[in-house]
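Geometric and topological summary
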Amino acid sequence: MLRATEKIGAGGAQRRGGRASAWTRALRVHQWVKNFLVFVPLLMAHLVDDWGRLAAAAAAFAAWCLCASGVYLVNDLLDLEADRSHPLKRARPLASGSIGAGAALPAAAALVGAGLGLAFWRLPAAFGLMLLAYLALTTLYSAHLKRLPVVDVLVLAGLYTLRVLSGGYATGVQVSPWLLAFSMFFFLSLAFVKRYTELRAEWAGEAPAGRRGYEREDTELLRSFGAASGYLSILVLALYINQSREVTQLYRRPELLWLAGPCLLYWLTRVWLLAHRGQLHEDPVVFTVRDPASYLVGALVAALIFAASV
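Described in the following lines is the structure provided in the data block. (Residues numbered from 1 in each chain as written. Predicted model: local features only at pLDDT ≥ 70, side-chain atom pairs only at ≥ 80, totals over all residues. Heavy atoms only, no water.)

**Quick word on the overall build of the chain**
The number of helices and strands found in the chain is 14 helices and zero strands. A total of 310 residues make up the chain; the buried ones form 45% of that total. The long-range fraction of contacts in the chain, counting pairs at least 24 apart against all pairs at least 6 apart in sequence, stands at 72%. Total accessible area on the chain stands at roughly 15,800 Å², and carbon and sulfur atoms take up 66% of it. (Helix = DSSP H or I, 4+ residues; strand = E, 2+ residues; numbered from the N terminus. Buried < 20%, exposed > 50% of the residue type's maximum accessible area, 1.4 Å probe, protein only. Contact = heavy atoms within 4.5 Å. Areas by Shrake-Rupley, 256 points an atom, 1.4 Å probe, with all protein chains shown as cover.)

**Here's the deal with the packing of aromatic side chains**
Under the definition given, this model contains eleven aromatic pairs. On the numbers, 5.8 Å between centres and 55 degrees between planes, the contact of Tyr196 with Trp272 is tilted. Pair noted here: Tyr196 is in helix α9 (residues 177–203) and Trp272 is in helix α12 (residues 260–276), with a separation of 76 residues, a long-range link. You'll find Tyr196 and Trp272 in the same group, each marked buried. Members of the aromatic cluster, connected to one another through ring pairs, are Tyr160, Phe182, Phe186, Phe187 and Trp267. (Phe/Tyr/Trp six-rings, centres within 6.5 Å; stacked < 30°, edge-to-face > 60°.)

**Describing the packing of helix α10 (residues 219–243) against α12**
Contact geometry for α10 and α12: axes closest at 10 Å, N-to-C directions at 170 degrees. Considering the angle they form, α10 stands roughly antiparallel to α12. Contacts between α10 and α12 involve Glu220, Leu222, Arg223, Gly226, Ala227, Gly230, Tyr231, Ser233, Ile234 and Leu237 on the former and, on the latter, Ala260, Gly261, Leu264, Leu265, Leu268, Thr269, Trp272 and His276. Here the residues of the contact of α10 with α12 are counted per class, giving ten nonpolar, six polar and two charged. (Axes fitted to C-alpha atoms, helices over the stretch in contact; angles between N-to-C directions. Parallel < 35°, antiparallel > 145°, perpendicular 65-115°, else oblique. Nonpolar A, V, L, I, M, F, W, Y, C, P; charged D, E, K, R; others polar.)

**Brief notes about the pattern of salt bridges**
On inspection of all chains with the given rule, the structure shows six salt bridges. With a closest N to O distance of 2.8 Å, Arg223 and Glu220 form a salt bridge. Placement of both Arg223 and Glu220 in helix α10 is noted, with a separation of three residues, approximately one turn of the helix. Here Arg270 ties to Asp291 by a salt bridge, and the two come within 2.7 Å at their closest N and O atoms. Residue Arg270 is located in helix α12, and its partner Asp291 is located in the loop between α13 (284–290) and α14 (292–309); the two are separated by 21 residues in the primary sequence. Residue classification places Arg270 among the partly exposed positions, given a relative accessible area of 21%. Beyond isolated ion pairs, a larger network of salt bridges with shared partners links Asp152, Lys194, Arg195 and Glu198. (Salt bridge = Lys/Arg side-chain N within 4 Å of Asp/Glu carboxyl O.)

**Re α14**
Its 18 residues give α14 an end-to-end C-alpha distance of 26 Å, which sits within 8% of 26 Å, the value for a rise of 1.5 Å per residue. For α14, the full list of buried residues reads Ala293, Ser294, Val297, Val301, Leu304 and Ala308. Axial view of α14: buried residues confined to an arc of 105 degrees, hence all on one face. Counted as exposed and oriented over 90 degrees from the buried face of α14: Pro292, Tyr295, Leu296 and Phe306. (Expected span 1.5 Å × (residues − 1). Arc of directions from axis to C-beta.)

**Considering the packing of α9 against α12**
One way to put it is that α9 packs onto α12 with a least axis distance of 10 Å and a crossing angle of 15 degrees. Considered as vectors, α9 and α12 are oriented roughly parallel to each other. Seen along the crossing, α9 lies across α12 with a hand that is left-handed. Facing Phe182, Phe186, Ser189, Leu190, Phe192, Val193, Tyr196, Thr197 and Arg200 of α9, the residues of α12 in contact are Leu264, Trp267, Leu268, Val271, Trp272, Ala275 and His276. Taken together, the residues of the contact of α9 with α12 break down into twelve nonpolar, three polar and one charged. (Left-handed = near helix turned anticlockwise from the far one by under 90°.)

**What about the nonpolar core?**
Grouped together as the largest cluster of nonpolar side chains are 77 residues, with contacts concentrated most on Phe127, Leu131, Tyr134 and Phe187. If you tally residues by element for this core, the top one is helix α3 (residues 51–78), at twelve residues. Contact partners of Phe187, with chain neighbours within four places excluded, come to Leu37, Ala157, Tyr160, Thr161 and Val164. By size, the runner-up hydrophobic cluster in this structure holds twelve residues, among which are Ala26, Leu27, Ile99 and Ala108. (Core = buried A, V, L, I, M, F, W, Y, C linked by side-chain atoms within 4.5 Å.)

Such coordinate-based values are descriptive only and should not be taken to indicate function.
The following block contains the structure:
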């Protein structure tokens, strides 16, 4: 009798654990790393020791996470049939049936409502408007824009840059035009690599066609666009170091920042090399989180910024 009770208890715990895991995957918690971009304006302005601004950035991060997870649920609902025919996406909680559509829709509404509530209650109205712009843009993207060639990658890059810009509004830090220019080209490169890997998998027969509006012969052209965008972001960094008056105001030894260029060049080139070889099978952000070399490059860049500041 005791053993039977233990088995029932263990089975219930496993079901609860499996359901919690399903919700974690449905909310795409691993994608929250993108939302750390709201801290970038604070870091670049060297104001991380301002606890009031840091608390505002943390609230902005939480608001972004809530809204983004709600959007992911809605996107999965809209793409339900397509995901069920995809060799990888069919394992997603909604596509596999681990979470029902009847539970996902109220959860999405609650998450978006909580995110917007936090934004307008705790942070400047401009930040809340940025979140509303994100919600509108992602809705348009899911409904139509993702099928428009070039427009799709521009929107994806814009969503990354929007996070940076919103971090400035949340913390009251003016975002430098240099930072915006760097972000535009850097994130455009990441958007291109995401689309390039998806199309490469489609043409290789590893995934069904996603109706993205591209032709087979466009694939290598996208690779060229993406690599060029990444290298342009490094050029913006070099011009910033050489010409911006902000550099001498923020850094005691700005010449050390030149070493950050080769680090970023290595990382971007390596990402595109892996994509070209067909070894990049996931979102570049997810790849970065799981890639030890990316952590090493990030640590080196952070060390260089710190050394240039002290």
